[in-house]
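Summary of structural features
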Amino acid sequence: MLHYVLKRLVSLAISLAVASLVIFFAIEVVPGDPAAYMLGMNAQPDTLAALRDQLGLNGSIPERYLSWVGGMLQGDFGTSYTYRTPVAEMIGERLWISLPLALYALTLSTLIAFPAGVWAASRRGSVVDMGVMGVTQLGVAIPNFWFAMLMVLVFAINLRWFSAGGFAGWEQGVLAGMKSLTLPAVALALPQASILTRVMRSSLLDTLSEDFIRTARAKGLTRRQVLWRHALRNAMIPVLTIIGMQFSFLMAGAIIIENVFFLPGLGRLVFQSIAARDLIVVESVVMLLVFAVIVVNFAVDVAYAAVDPRLRGRR
């Protein structure tokens, strides 16, 4: 198990190094000068040169890359060109919205998908199975931003159970903060729950057709005992993969939902920074999101080994 984890850690480090190179150089080749954007079209050349020097834009690309990476390793993400505040401080403020939102949505998705997938698989071909598959097909087909606007119309405007947007702030209490995140979390969770339900059902049906399941039934175990004691654990590997991918998507892909609900999260910060040509913020936030994706994938790999002991012995 230790050898397996060490191999995954080496792979994680290599992935982060490659990702930092790709992110930095991809953003650096984007047309446009942040200093010119900040000063406007009528800026004087000497003023423009002074601002570029102040922002650290006059150094060579390798120097700027090494300075950026070295700063991140020490917890220093640089200073925002637009807001003139430390990027780490900006990320910290937004992370306390995006991370709870992602965890909230993932929890809802998992709580919906697991029983629905198991229920459908245990009643294959029945009305229940067809109903669950029909609902999940609809959930996959409907864009989450459209569903978000529909929920705002119903639950915020008509019923007035929730606010139409904004974030109350954690200083108002956990319940107030979670209430502000409920509609966005549901809008994010339902499409993901539909995907996870279908994967859960498919994986469980494949496992139930294996020889060891038939052997367990031949030994006298009931269908329920076989399902919960043997089939479910062996069906978890593809499900864990999807859960890891969903968390990554919920952290990095909630830009539209955060804009629909006016949530000051990381996704909205990236959107605003791209519009303002604030490259250091874009690079740092994207790198943080990539780091989260890679770490989640590492955790999923370790979970594979915990679920399937055969993986621990692989060299």
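What counts, and at which threshold
- Residues numbered from 1 in each chain as written.
- Predicted model: local features only at pLDDT ≥ 70, side-chain atom pairs only at ≥ 80, totals over all residues.
- Heavy atoms only, no water.
- Helix = DSSP H or I, 4+ residues; strand = E, 2+ residues; numbered from the N terminus.
- Core = buried A, V, L, I, M, F, W, Y, C linked by side-chain atoms within 4.5 Å.
- Buried < 20%, exposed > 50% of the residue type's maximum accessible area, 1.4 Å probe, protein only.
- Contact = heavy atoms within 4.5 Å.
- UniProt positions renumbered as here; feature names shortened; annotations may be inferred.
- Axes fitted to C-alpha atoms, helices over the stretch in contact; angles between N-to-C directions.
- Parallel < 35°, antiparallel > 145°, perpendicular 65-115°, else oblique.
- Left-handed = near helix turned anticlockwise from the far one by under 90°.
- Nonpolar A, V, L, I, M, F, W, Y, C, P; charged D, E, K, R; others polar.

A few words now on the environment of Q192. On the secondary structure map, Q192 appears in helix α8 (residues 174-208). Note: C-alpha distance between Q192 and L106 (86 residues apart in sequence) is 8.1 Å.

Our next topic: the nonpolar core. Counting 73 residues, the largest nonpolar core has W68, L204 and V285 as the members making the most contacts within it. Ranked by the residues each element gives to this core, the list is headed by helix α5 (residues 87-122), at 12 residues. In this structure W68 touches S20, I23, F24, I280, E283, S284 and M287, once residues within four positions along its chain are discounted.

Right, let's talk about the UniProt feature "transmembrane region" (unreviewed entry) in the protein chain for a bit. When the UniProt feature table is mapped onto this chain, "transmembrane region" (unreviewed entry) is found at residues 9-27, 101-121, 142-161, 181-200, 235-257 and 285-307. Along residues 9-27 the backbone is 100% helical and 0% strand, and the end-to-end C-alpha distance reaches 27 Å. Secondary structure over residues 181-200 splits into 100% helix and 0% strand, and the C-alpha atoms at its two ends are 27 Å apart.

Direction vectors running N to C along helix α7 (residues 144-158) and α8 enclose 140°, while the axes themselves pass 9 Å from each other. For the element pair α7 / α8, the angle class is oblique. For the crossing formed where α7 meets α8, the hand is right-handed. Of α8, the residues touching α7 (which contributes N144, F147, A148, M151 and F155) are L183, V186, A187, L188, L190 and P191. Here the contact of α7 with α8 is built from residues that sort into 10 nonpolar, one polar and no charged.

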